[in-house]
Structure formats: C-alpha cells, structure tokens
Amino acid sequence: MESCDMVDVTDIIQKTGDTLESLWNQFEIFCPKCLHFKMGQCIAALLQHEYLLNTDSEVINSIFLLCQVAQPQELNPFNKVIFNYVNRKPIDSKITSAMYLINLLPFSQSTLSSTTAQILRDVKLINTPLKNFPYSPKPDCSLPIILDDPENNSKEEKHYKEVLSQLFDNDIPASVFLPPLVRPAPPLYSDNDDLVWLCPNDNDYPFAWDPNMSDGKDKPEDVKKLFILAQRQVLETHQYDRLKHELYEKDDTLQSLPLSPSTLPKLVDKNPSLAVDVLLLLAQTQQFADYLAVLLNMDLSLHSMEVVNKITANLELPPQFIHFYIRNCITNCTEMSDKNTQHRFVRLVCVFLTALIRNRLVNVQEILIETQAFCIDHSRIREATGLFRLLKSLDSKEMS
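Parameters and conventions
- Residues numbered from 1 in each chain as written.
- Predicted model: local features only at pLDDT ≥ 70, side-chain atom pairs only at ≥ 80, totals over all residues.
- Heavy atoms only, no water.
- Helix = DSSP H or I, 4+ residues; strand = E, 2+ residues; numbered from the N terminus.
- Contact = heavy atoms within 4.5 Å.
- Areas by Shrake-Rupley, 256 points an atom, 1.4 Å probe, with all protein chains shown as cover.
- Axes fitted to C-alpha atoms, helices over the stretch in contact; angles between N-to-C directions.
- Left-handed = near helix turned anticlockwise from the far one by under 90°.
- Nonpolar A, V, L, I, M, F, W, Y, C, P; charged D, E, K, R; others polar.
- Salt bridge = Lys/Arg side-chain N within 4 Å of Asp/Glu carboxyl O.
- Buried < 20%, exposed > 50% of the residue type's maximum accessible area, 1.4 Å probe, protein only.
- Phe/Tyr/Trp six-rings, centres within 6.5 Å; stacked < 30°, edge-to-face > 60°.
- Polar contact = N/O pair within 3.5 Å; in protein donor to acceptor, adjacent residues only side chain to side chain.
- Parallel < 35°, antiparallel > 145°, perpendicular 65-115°, else oblique.

A. Highlighting the overall build of the protein. Scanning the protein from terminus to terminus reveals 20 helices and two strands. Summarising the internal contacts of the protein: among those between residues at least 6 apart in sequence, 72% fall at separations of at least 24. Looking at the protein as shown, the accessible area adds up to about 25,100 Å², and 53% of this sits on carbon and sulfur atoms.

What follows is the structure, encoded as structure tokens:
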C-alpha cells in the first residue's frame, strides 16, 4: 500500500456533503475488493490515533468504511478498533458522533442516503452503552505507536500529509506497540551422566508387569460400547462371543444396554445373530410385542428373514405375526421394479417359506392361496417351482 494511496483515501474520509452510499461507491472504485482488508487496516490505524482525525465527520466516515469493508458485522475484524474508540474517556463530540452512527447498525437505506452533515445534525449527546454491538471487550495493555506532541499542535495540511507519508511508506503499520515479553533463559543442565541414555551400558532392565491386566472382568461401560458398535459395523467373532456371554451369564446386562425398538433394525442389518439372541431374551418381557412390530415393518432383506426364521424355530410366535410377515415378503417382491433384484429376493423368499413349511413352523392352509399365486407369477424361477410342488403335495395329502 503506497502512502499516496492512503492520502487519496483521506480525501474521501474528509468529505461531508456526499451521502454515505456515495462515499462507499467512491471507495470501491478507488480500492478493489482484494485490497479492502489492507485499506481497512490503514483506516483503523487512523482511528486508533485520535490525533490523525480532526473532525467529527472524519470519524463518522472512517467508522462507516470500517463497518463496510468486512461483512457480516459479527465477523468484522475491526470491531475491536471501533469498540475501543467509542469507549475512550472523556467523552467528546467525536465519540458521541461515533456512538450515534454505530447504534444505527445495520445501516438502512435511509441512513445510507444521508450525508455526514445530516447525521451530525441528528446527533444528540448520549452517555448510554452501545446497543448490541457484536464485540466482547478484552483487557488491553498496549500503547499506540503514535503519540501526540504537546508542544506542537499544528494541524496544517502539509504536516498531516507528512505524518501519513512516514506512517505508510514501508508497510501497513502495527496497530499498537506491544511491550516485549522478557523471559530469562533456562539454566543449562550440567551432569557427567547427561548422555547415559544415548549409549546405555547396562542391559538388565526388569519388566513392569500388571498382574490385573486382561483378568477377563469386563466393565459395564465396555459392554455398552461394544453393543453400540454392533449397531454400526459387523462384530468380529471374539467381540460377538464376548457380548453373547455377557447377555446370557448376567441377568442385568440386557437392562443396562441402550436398547429400544428403534435400534433393532440397525442390529438386524449389521449383526443378525446378535439380534436373534436379544429377541430370545426379550421374549418373556412386555416389550416383546413392540420389537415384533418393528421387525414386521422392516424392509425386506436376507438378514431380516434369517432373524424371523431363527426366532420362529425357537419361540412360539403369534400366528398372525408369521402370516403378516409372509404377506409383506410377497408384497415387497411384487412391487420391486428392478428385475434382477426381484428375482434374487423371490429366490430368498421361496427358500425362507420352504424352510418354514418343512419345519412345520407355519400353518400351510392359512398361506396356501396367496403363496400358490406368488409361485405361479414367478414360475420361471426354479425355487418358486419347487415351492409350488411342495404346496401341491401337502395339499393332496390333506385331501386324502
């Protein structure tokens, strides 16, 4: 940033007859967006040193430009500069004007259409804190890098521009002068054995062994973490065996787990064998019907059919549940649009139904009509043909 550029910006800041919107348009024409932050740093340097801004209008224009160069206002990096300026003591007309402008945030179109002179006419002497200004004050122990000379109060234009030239010639100035943080250097460690660990001479190192390590006592929180993991990924064999052992050996394990009907679909999808164990343990509870309802409304999958097949073989389930589940399987297969997926699930459903019938886990007469119609619709599939023949043979035996 050249010092001559900064002098040109001060010409914009010193205008009083233009509207705020016009000032911002002039600023954008003069300074491209990629330089807004650097120019904002220069304007902030002027605002931090009260001796560089002589009039109330210059203060208002400077704060207005700082509010505009970075949006939204909550993330404006110059909020601290603005906040510190209006909280200086004693309160004078410059601070009063700045507080009046800031209390107008966010700027409405009527404010943008006002000139600096009009805003100054509306300013009233106020001693109230800022309204909802997005900055939390923090302690500051810094000093400004420019100090006023009490013996030279000259405000001539040539002196003003000389200060700007010296201030911005090299680089954007630091906003404040921070005292150096002096820390004494730590004393050097001096010892004859300082490097003994680089070249060890003694190889006799005893092992520190924890006799309680891997004692097989699982903490309750470890079992909970393992159960949560089972809802996210397939458990390894040793993890499944450990969790199954805890479920069957300790009566209070099931109640301590984060288990609910809503978690059952995740368990069936990732670890169907564990889902079967959980359902078998829940069979004697009052919540078992809720879990069956969730299982009944799940999407058709190999794992869900595997779970239903195993719990049907081990428990006496309500006949309505089995009947409705078979009906859902048939309906889901019929509504599938992709032929390859449909054929795959038709084979799975036929194998599933065949296993239920051969193990006498379902009353054939209750599902005979709709199952035969299902087999006829998919007669090109070998498993459907085999199921149809099984149903016919069973039906003929019943008739005889």
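That shown, we press on.
B. Representation of the packing of helix H3 (residues 36-48) against helix H4 (residues 56-69). Remark: H3 packs on H4, axes separated minimally by 10 Å, with the N-to-C direction vectors making an angle of 150°. Taken as a pair, H3 and H4 cross one another with a handedness that is left-handed. Contacts between H3 and H4 involve His 36, Gly 40, Ile 43, Ala 44 and Leu 47 from the first element and Val 59, Ser 62, Ile 63, Leu 65, Leu 66 and Val 69 from the second. Taken together, the residues of the contact of H3 with H4 sort by class into eight nonpolar, three polar and no charged.

C. Seen up close, the pattern of salt bridges. With the rule as written, the count across this model stands at four salt bridges. Where Glu 306 meets Lys 310, a salt bridge forms, and the shortest distance between an N and an O atom there is 3.2 Å. Residue Glu 306 and its partner Lys 310 are both found in helix H16 (residues 302-314); the two are separated by four residues, about one turn of the helix. On the basis of relative accessible area, Lys 310 is assigned to the partly exposed category, the value being 33%. The partner of Glu 383 in a salt bridge is Arg 382, and the shortest N-O contact between them spans 3.8 Å. By relative accessible area, which is 69% here, Arg 382 ends up exposed. One connected set of salt bridges, linked through shared partners, spans Arg 347, Arg 382 and Glu 383.

D. Geometry of the packing of aromatic side chains. One pass over the full model with this rule turns up five aromatic pairs. When the centroid spacing of 5.4 Å and the interplanar angle of 20° are considered together, the rings of Trp 24 and Phe 27 count as stacked. Placement of the pair is Trp 24 and Phe 27 together in helix H2 (residues 20-30), with a separation of three residues, close to one helical turn. Among the residues examined, Phe 27 registers a relative accessible area of 0% and is labelled buried. Ring plane angle 75° and centroid distance 5.8 Å describe the contact between Tyr 325 and Phe 352, whose orientation is recorded as edge-to-face.

E. Quick peek at the side chain of Thr 116. Structurally, Thr 116 can be placed in helix H8 (residues 116-122). A residue is classified by how much of its surface remains accessible, and Thr 116, at 0% relative accessible area, is buried. A distance of 2.8 Å separates a polar atom in the side chain of Thr 116 from a polar atom in the side chain of Asn 61. The contact partners of Thr 116, leaving out residues within four places of it in the chain, are Lys 15, Thr 16, Asp 18, Leu 20, Leu 23, Ser 57, Ile 60 and Asn 61.

F. Spatial organisation of the packing of helix H17 (residues 319-335) against helix H18 (residues 339-358). Two elements in contact, H17 and H18, have axes separated by 9 Å at closest approach and are oriented at 160°. Between H17 and H18, the crossing angle belongs to the class labelled roughly antiparallel. The two elements H17 and H18 cross, and the hand of that crossing is left-handed. The residues of H18 that touch H17, namely those facing Tyr 325, Ile 326, Cys 329, Cys 333 and Thr 334, are Gln 342, Phe 345, Val 346, Val 349, Phe 352, Leu 353 and Leu 356. Tallied by class, residues from the contact of H17 with H18 come to 10 nonpolar, two polar and no charged.

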